[in-house]
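# Per-entry structural report
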Amino acid sequence: AQSVAQPEDQVNVAEGNPLTVKCTYSVSGNPYLFWYVQYPNRGLQFLLKYITGDNLVKGSYGFEAEFNKSQTSFHLKKPSALVSDSALYFCAAFRQGFKTIFGAGTRLFVKA
Amino acid sequence: GAGVSQSPSNKVTEKGKDVELRCDPISGHTALYWYRQSLGQGLEFLIYFQGNSAPDKSGLPSDRFSAERTGGSVSTLTIQRTQQEDSAVYLCASSRTTGGTYGYTFGSGTRLTVV
């Protein structure tokens with residue numbers, strides 16, 4: 001079965017430190033990969049996507065994600081975390097002809 | 001409109017009553033999805049509409065749930081005989097194509113509370 005895994009329910013990081021939120025996928029073919037963010041009491045917002053090309057994708061709010069085909073991963077990264085980055089992050093995968101699959105989400109806490 | 005609009009934003013209903021949740025997608029978006037999110041948890045797929053194709057209803061949890069999309073635009077999710085376990089945030093998303101290439105735009109959701 002096709003799936004997207006976010007192995008960490010929660011990630012804690014100190015402000016100013018780099019952050020990584022992990023995502024691996026098990027989707028056949030060459031899926032499109034996405035990150036979405038959900039801030040408290042707000043809807044999901046698109047952060048970034050990978051379709052093809054450069055393995056390092058840059059998105060909103062200083063986030064970037066690294067695609068690794070051999071490891072079927074698409075980890076979200078930011079060089080310097082902000083307290084305001086605290087939110088729920090979802091990884092998603094899409095392949096033509098199939099519906100998008102979302103991971104279970106990872107809650108990021110950035111401590112001042 | 002500029003974004004995906006959902007109404008109502010909050011709904012409190014008594015157990016056993018029927019509720020209707022509305023989603024207005026972005027104009028021209030052919031794909032529309034309904035998801036359910038419980039207590040800040042993951043997204044549970046409910047149903048997917050794509051153009052004039054038959055909807056993918058594989059995520060609907062029971063026959064109390066149904067959805068329609070009129071004229072390829074507005075969608076209504078109906079929950080009959082609501083139960084307390086139906087309490088959740090119901091999210092609607094639309095996309096320009098089948099949902100992948102351009103990602104989704106999500107609405108702010110309808111928070112349903114069944115008492």
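Details of the structure are given in the entry above.
Here goes a summary of the coordinates provided. Since this is a predicted model, take the numbers as computed values, not measurements.

All right, on to the overall build of chain B then. When helices and strands are counted, chain B shows 0 helices and 10 strands. Written out in order from the N terminus, the α and β elements of chain B read β-β-β-β-β-β-β-β-β-β. Whereas a compact globule of 115 residues would reach a radius of gyration of roughly 13 Å, chain B reaches 13 Å, a difference of no more than 12%. Evaluated residue by residue, chain B yields a buried proportion of 49% over its 115 residues.

Our next topic: the pairing of strand β5 (residues 32-38) of chain A. Side-chain positions along a regular strand alternate between the two faces of the sheet. Residue and element names in this part refer to chain A. Burial analysis of β5 places 7 of its 7 residues in the buried class, which makes it a mostly covered element. What you see with β5 is no split at all: Tyr32, Phe34, Tyr36 and Gln38 on one side and Leu33, Trp35 and Val37 on the other are buried throughout. As judged from the 6 bridges shared by β5 and strand β6 (residues 44-50), these two strands associate in the antiparallel manner. Its bridge partner lying in β6, Leu33 is registered against Tyr50. Joining the antiparallel neighbours β5 and β6 is a turn of 5 residues, in which Asn41 adopts a positive phi near 60 degrees.

Residues and elements named next belong to chain A. Applying the stated criterion across every chain, the model contains 2 disulfides over all chains. There is a disulfide in this structure between Cys23 and Cys91, and the S-S distance comes to 2.0 Å. Across the disulfide from Cys23 to Cys91, rotation about the S-S bond amounts to roughly -65 degrees, and the bridge is consequently left-handed. With Cys23 in the loop between β3 (19-21) and β4 (24-26) and Cys91 in strand β10 (residues 87-94), the pair connects residues that are 68 residues apart, well separated along the chain. On the accessibility criterion, Cys23 (0% relative accessible area) is buried. Among the residues examined, Cys91 registers a relative accessible area of 0% and is labelled buried.

Our next topic: the interface of chain B and chain A. The interface of chain B with chain A comprises 22 residues on the first partner and 19 residues on the second. In total, about 1500 Å² of surface goes out of reach between chain B and chain A, with carbon and sulfur atoms giving 55% of it. At the boundary of chain B with chain A, the tally comes to 0 salt bridges. Where chain B meets chain A, there are 3 residue pairs in polar contact (both at pLDDT 80 or more). Those elements giving two or more residues to the side of chain B that touches chain A turn out to be β4 (31-37) and β5 (43-50) of chain B. The greatest single-element share of the side of chain B that touches chain A, amounting to 3 residues, is contributed by β4(B). Its residues assigned to classes, the side of chain B that touches chain A comprises 8 nonpolar, 12 polar and 2 charged.

Residues and elements named next belong to chain A. Estimates place the volume of the largest pocket at around 400 Å³. Among the elements that line the lining of the largest pocket, the one with the most residues is strand β12 (residues 106-111), at 3 residues. Among the residues forming the lining of the largest pocket, the class breakdown is 9 nonpolar, 10 polar and 3 charged.

Definitions and cut-offs
- Sequence order as written defines residue numbering, which begins from 1 separately in each chain.
- Chains and ligands are labelled by the order in which they are written, letters from A for the one and numbers from 1 for the other.
- Whole-chain, interface and lining totals are the exception, using all residues; otherwise, since this is a predicted model, local features are given only for residues with pLDDT of at least 70 and side-chain atom pairs are given and counted only at 80 or more.
- As a rule here, side-chain values come from all non-hydrogen atoms in the structure, and water together with hydrogens is ignored.
- Each helix is a run of H or I in the DSSP string that is no shorter than four residues. Each strand is a run of E no shorter than two, and both are numbered from the N terminus.
- For the radius of gyration, the atoms used are the C-alpha atoms, and the globule rule reads 2.2 Å times the number of residues raised to 0.38.
- For every residue, the accessible area (1.4 Å probe, protein chains only) is compared with the maximum for its type, and the residue is labelled buried under 20%, exposed over 50%, or partly exposed between those bounds.
- For two strands to be treated as a pair, DSSP must find at least two bridges joining them.
- Two cysteine sulfurs form what is called a disulfide whenever their separation falls within 2.5 Å.
- Every residue pair with non-hydrogen atoms within 4.5 Å of one another is taken to be in contact.
- Summed over both partners, the accessible area lost on bringing two parts together, with a 1.4 Å probe, is the buried area.
- When a carboxyl oxygen of Asp or Glu lies within 4 Å of a side-chain nitrogen of Lys or Arg, that pair is called a salt bridge.
- In the analysis that follows, any N or O atom pair within 3.5 Å is treated as a polar contact, provided that within protein one partner can donate a hydrogen and the other can accept it, and provided that, for residues neighboring in sequence, both atoms belong to side chains.
- The residue classification treats Ala, Val, Leu, Ile, Met, Phe, Trp, Tyr, Cys and Pro as nonpolar and Asp, Glu, Lys and Arg as charged. All others, Gly included, are polar.
- The pocket and cavity definitions rest on a 1 Å grid over protein atoms only: a 1.4 Å probe that fits but cannot leave marks a cavity, an open set with protein on both sides within 12 Å along at least five of seven lines marks a pocket, and residues lining either have an atom within 4 Å of a point.
- Grid points are joined across faces, edges and corners, and a volume is the space filled by probe spheres set on the points.

Just distances and angles here, no functional claims.
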